[in-house]
Amino acid sequence: VVFADATDAPQVEEGVVGGSRPGLGTETDSATRGKREGAEQFVFQAEVNRLMDIIINSLYSNKDIFLRELISNASDALDKIRFLALTDKGQLGEGEAAKLDIQLSLDPSKKVLSIRDKGVGMTKEDLIKNLGTIAKSGTSGFLEQMQKGGDVNLIGQFGVGFYSVYLVADWVEVITKHNDDKQYVWQSTADGHFSIAEDDGEDIGRGTVINIHLKPEAQEYSEESKLKDLVHKYSEFIHFPIYLWTEKEVDVPVEEEDQKEEADQGEAKKDADDEEVADDESEDEEPEETPKKTRKEKRHEWELLNDSQAIWLRQPKDVSDEEYKKFYKTISQDYADPMGWVHFKGEGDVEFKATLFMPSTTPHEYYEKYYEKGAKGALKLYVRRVFITDDTGEELLPRWLGFLRGIVDSDTLPLNVSREMMQTSAALKTIKKKLVRKVLDLIKKWSDDELKCRKAEAGEEDEDEPAPTGEACEMYGKFWEQYGRAMKLGIVEDATNRNRMAKLLRFHTSKSLDKLTSLDEYVSRMKEGQKQIYYLAGGWMSYCCCF
Ligand SMILES: Nc1ncnc2c1ncn2[C@@H]1O[C@H](COP(=O)(O)OP(=O)(O)OP(=O)(O)O)[C@@H](O)[C@H]1O
């Protein structure tokens, strides 16, 4: 835990004593929930309604995830305003408004948790569309999964993370201000309706405040320690500072405040004692040290909870596996550890840093929407730490690698890189080539390891190349099980990397490999397979369909 540098932390009155939390709000009185005068009432779209029903009634899921979903939305909104400010500096505002951060604060007496960002905010139209009336494409997918007994925790992957707030809330207010519109407040108790009204409460400047009125059974989220744990666990690598408004009891020396009073009393006493002292031999003695009196006082301050330094800018050797895993979860909204990752720096004409992760299971609808979605949304593109887009698609990765998740940050690209530029940019082509090579290197390493393990099992270990043990022997099998199909598609589609990939193809799963008894058998199967590939250089599709 790091205490914020006073210059970076949000400004509060110095040493606020027992002060109320920074104003985040509009009405927090439960008697008026959703009943603001003049508020327009809306009905949730039917699928959204079903989704909310499932969330609000899900008793056994991990409720913690709501915070990571909301922080992730806040971070996206901050990325968006920073991007808009590239072409129009005025968008960012000045002073506090220009400090891009996320603030969490609690009102324990009212059991309200608030999350504030100074991101792009939402117009009234955005509010209506995004938070209620338009079901995202992921909604039906999520509902389908739930029907099959799926886990609510997967919600983030379906792009409907906001609604997870109803895991812990029975009433939510979203106060938001977009540069192009007035300040509005959205409210819903998840009863099928929501309301929107112009907000005449405190001016929030720009961005969004979400006031979460916690359910009685979710009171643990009104504890500072719980929030600190959650940010540490799920959101540590969000690259904007996350602050928590904390309350601390401190011992304050009584003299500090009562100095003057005591001094005055002291003066009076001194005068009275002067004559006695004149006769007293102990005149030169040091006055006896009395223990300093203190009293307890409540102080508030913004405490910084995360290290917002971008992980991809650090040296790979300085990043621990645990940090990579956490970072992956932050950017992917996956709750499982990744299968593997590559983190490297591209040098030369095109400079960039990249961190790419391979999820442990194929992302939702990757194969189902292979041609429709391809590599869209797989990578986030940054230019000198400024988020540019996550709509990179095949400019950065071939379709068959669209299951990867990660970040590419380039110093070479211009900040105003546009969609058209992306399609023709030579720099992006170079980056793409290097990304694919690095990922293929990782896959090849797993493949080589597996081969060595099989050799060792057959008693034919090469002394110069000792076989790894344990998990390393199984990595290729795991990879193939999830992504074998993508490799087969890739070999058809990606002529540039075809030869490299051909050496990595398998014609059986790791399970059948277990049954192989000798290396000869293994090698002959491999050779047979590869021979077929080369023979069939002109007819990939028909070949791929048969295995
Ligand atoms: N703090 C916020 N600031 C601005 N817009 C927001 C904020 N939170 C949510 N939104 C808007 O509401 C939309 C819906 O959010 P939701 O979390 O349900 O889905 P998502 O963010 O698009 O997907 P995912 O959960 O995968 O990130 C967002 O796309 C965004 O446009």
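Residues numbered from 1 in each chain as written. Predicted model: local features only at pLDDT ≥ 70, side-chain atom pairs only at ≥ 80, totals over all residues.

By the naming in an unreviewed UniProt entry, the protein chain is Hsp90 protein-domain-containing protein, taken from Dunaliella salina. Per UniProt, the protein chain carries the Sequence similarities (unreviewed entry) text "Belongs to the heat shock protein 90 family." (UniProt positions renumbered as here; feature names shortened; annotations may be inferred.)

Interhelical geometry of helix H10 (residues 426-457) versus helix H11 (residues 475-493) gives an angle of 125° and a closest axis separation of 7 Å. Between H10 and H11, the interaxial angle falls into the category oblique. In contact with Ile443, Trp446, Ser447, Asp449 and Glu450 of H10, H11 contributes Met475, Tyr476, Gly477 and Phe479. (Axes fitted to C-alpha atoms, helices over the stretch in contact; angles between N-to-C directions. Helix = DSSP H or I, 4+ residues; strand = E, 2+ residues; numbered from the N terminus. Parallel < 35°, antiparallel > 145°, perpendicular 65-115°, else oblique. Contact = placed C-beta atoms within 7 Å.)

Of all nine residues in strand E5 (residues 169-177), eight are buried; the element is thus mostly enclosed. Sheet topology note: the E5/strand E8 (residues 207-214) ladder contains eight bridges and is antiparallel. Along E8, the bridge assignment pairs Lys177 with Gly207. Both E5 and strand E6 (residues 183-188) contribute to a ladder of six bridges, which runs antiparallel. The residue bridging Val172 from the neighbouring strand is Ser188, located in E6. (Buried ≥ 20, exposed ≤ 12 C-beta atoms within 10 Å, placed from the backbone. Pairing = 2+ DSSP bridges.)

Now for helix H3 (residues 124-133). Along an α-helix, a turn takes 3.6 residues, which lines up residues three or four apart on a common side. Listing the buried residues of H3 in full gives Leu127, Leu131 and Gly132. Down the axis of H3, the sector holding all buried residues measures 75°, keeping them to one side. (Arc of directions from axis to C-beta.)

The phi dihedral of Lys111 falls on the positive side, at around 60°, and the residue is not glycine. You can see Lys111 is positioned in the loop between strand E3 (102-107) and strand E4 (112-117). Judged by the 19 C-beta atoms lying within 10 Å of it, Lys111 falls in the partly exposed class. Backbone geometry at Arg384 places phi at a positive 45°, although glycine is not the residue there. Of note, Arg384 is situated in the loop between strand E13 (379-383) and strand E14 (386-389).

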